[in-house]
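Observations on the model geometry
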Amino acid sequence: MISRLLLPLRRWLLHRMRLPRDMVRYGLGRYRSRVALVTPRGALTFGQLGDRAARLVGLWMTRGIRAGEYVFVIVGDEWEQVEIRLAGLEHGVVLTGFNKAHGHDLIVEAARQ
């Protein structure tokens, strides 16, 4: 019964959220204390993940990286990839991801293009 009553509210919220970034912001705030990721090194809540992504955005801003610019990242399959992707979504950069299997020449050639 309650879920049926909440359905119009959910539809209204989703209608107001024009960008994926808006949905991420809502989720990080709404579920701030819930566990978002469990890794061999420990667990992160949505709030901690959002705070880490915000710090990365701040670092990019101090380095002069603006929305719309290309950011190349070399990262493995660890949880840091989620943090970087959330920061990229928040800041509006175009992320291009590589991992250690990509060779140096491929990365340099991609940067040139």
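Figured I'd write up the structure that's included with this text. Everything quoted here is computed from the prediction, not taken from an experiment. (Residues numbered from 1 in each chain as written. Predicted model: local features only at pLDDT ≥ 70, side-chain atom pairs only at ≥ 80, totals over all residues. Heavy atoms only, no water.)

Focus on the layout of surface pockets
Using a probe with the size of a water molecule, rolled over the atoms, empty space left in the structure can be pinpointed. The computed volume of the second largest pocket comes to approximately 180 Å³. Listing elements by their share of the lining of the second largest pocket, those giving two or more residues are helix 2 (20-30), helix 3 (46-62) and helix 4 (80-91). For the lining of the second largest pocket, the element with the highest residue contribution is helix 3, accounting for six residues. Per-class residue counts for the lining of the second largest pocket are seven nonpolar, two polar and five charged. (1 Å grid on protein atoms, 1.4 Å probe; cavity = no way out; pocket = protein on both sides within 12 Å on 5 of 7 lines; lining within 4 Å. Points joined across faces, edges and corners; volume = space filled by probe spheres on them. Helix = DSSP H or I, 4+ residues; strand = E, 2+ residues; numbered from the N terminus. Nonpolar A, V, L, I, M, F, W, Y, C, P; charged D, E, K, R; others polar.)

Comments concerning the packing of aromatic side chains
All told, the structure shown has two aromatic pairs when counted by the stated rule. Look at Phe 72 and Phe 98: their rings are 5.4 Å apart centre to centre, the planes differ by 45 degrees, and that puts the pair in the tilted class. Linking Phe 72 in strand 3 (residues 70-74) with Phe 98 in strand 4 (residues 94-98), this pair joins segments that are 26 residues apart in sequence. (Phe/Tyr/Trp six-rings, centres within 6.5 Å; stacked < 30°, edge-to-face > 60°.)

Regarding the side chain of His 91
One can find His 91 in helix 4. Classification of His 91 by relative accessible area gives buried; the value is 14%. In this structure, His 91 is in contact with Val 57, Trp 60, Met 61, Ile 65, Arg 66 and Ala 67, ignoring residues within four places of it in sequence. (Buried < 20%, exposed > 50% of the residue type's maximum accessible area, 1.4 Å probe, protein only. Contact = heavy atoms within 4.5 Å.)

Points about the environment of Lys 100
Following the sequence through the fold, Lys 100 ends up in the loop between strand 4 and helix 5 (104-112). Its relative accessible area of 84% is what places Lys 100 among the exposed residues. Spatially, the C-alpha atoms of Lys 100 and Val 75 are 7.4 Å apart, while their sequence positions differ by 25 residues.

That's the geometry; what it means functionally is another story.
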